[in-house]
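Topology and contacts: notes
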Amino acid sequence: GAGISEGIWQKDNDPYFSWEVVVTPADLLDGYSISLDNEPDFTVDLTDTHYQYGEDAVTSGKHIFYVLPSVRGGAWDNTERLEYNIWVDSAFPVVSQVQPASGQIITDNMTPITCQIVDTESGLDINITTLTLNNSSISFNYDAAKQMLTYTPSTPLIEGKNSVMLTAYDLVGNNLTKGWDFIV
């Protein structure tokens, strides 16, 4: 697969790690203690110089993968200890607080359409997030501090049913589509 850049948000939550540790002579190396998010426990977990996490094994968030080599006789070589920062975002943005609410009847045909969009990991990609009203793309404002999207109509909303469709993307491409209708 593709290489994973350290300290960059990405979707891969079943990463493959490989490493090289130089111990001279090479036959002094007994194996490695590996760990995710905790210091290695000084137990030889494997002798290979690679490790593959299972499918969906690494949760969303910032993690540190540790490798600590063990040399013959049970000694641990902290000078060759490795740390790798991996940032995983496998979660979709969350949309809430839609207004007007689904099924709501309103009387003001200039009522703004709003919702909260939260992505706690990589963040919302506002450049590709889309909003449509009655199958027409509409421009909106996004207040990142409040995590609120707002569309303020420039012309009156149509009388009757109005359909809203939002597709929210985060910075690694996870997306969520949410639709709702309200009546003017």
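Residues numbered from 1 in each chain as written. Predicted model: local features only at pLDDT ≥ 70, side-chain atom pairs only at ≥ 80, totals over all residues. Heavy atoms only, no water.

**Remarks on the pattern of salt bridges**
Put simply, the test is: Just to be clear on terms, a salt bridge is a Lys or Arg side-chain nitrogen sitting within 4 Å of an Asp or Glu carboxyl oxygen. Starting at the N terminus, helices and strands are each numbered in turn, a helix being any DSSP run of H or I of at least four residues and a strand any DSSP run of E of at least two. The buried label goes to any residue with under 20% of its type's maximum accessible area, the exposed label to any with over 50%, and the partly exposed label to all in between, with areas taken from a 1.4 Å probe on protein chains only.
The tally for this structure, following the rule as stated, stands at four salt bridges. Between Arg72 and Asp27 there is a salt bridge; the shortest N-O distance is 3.7 Å. Placement of Arg72 in the loop between strand S5 (61–71) and strand S6 (75–76) and of Asp27 in the loop between strand S2 (16–18) and strand S3 (29–36) is noted, with a sequence separation of 45 residues between them. Given a relative accessible area of 52%, Asp27 falls into the exposed group. The closest approach of N and O atoms between Asp181 and Lys161, which form a salt bridge, is 3.9 Å. With a gap of 20 residues between them, Asp181 in strand S15 (residues 175–183) and Lys161 in strand S14 (residues 161–169) connect regions that are remote in the sequence. In this structure Asp181 comes out as partly exposed when scored by relative accessible area, which is 30%. A single salt-bridge network, built from bridges that share partners, covers Glu39, Arg81 and Glu83.

**Focus: the nonpolar core**
Under the convention used in this document: Joining through side-chain atoms within 4.5 Å is the link that ties buried Ala, Val, Leu, Ile, Met, Phe, Trp, Tyr and Cys residues into a set, and such a set is a nonpolar core. Throughout, a contact is declared for two residues whenever any of their heavy atoms are within 4.5 Å.
One finds Ile117, Leu131, Leu166 and Phe182 to be the most contacted residues of the largest nonpolar core, which totals 20 residues. Setting aside chain neighbours within four positions, we find Leu131 in contact with Ser136, Ser137, Ile138, Phe140, Leu149, Tyr151, Val164, Met165 and Leu166. By size, the runner-up hydrophobic cluster in this structure holds 14 residues, among which are Phe17, Trp19, Val71 and Ile86.

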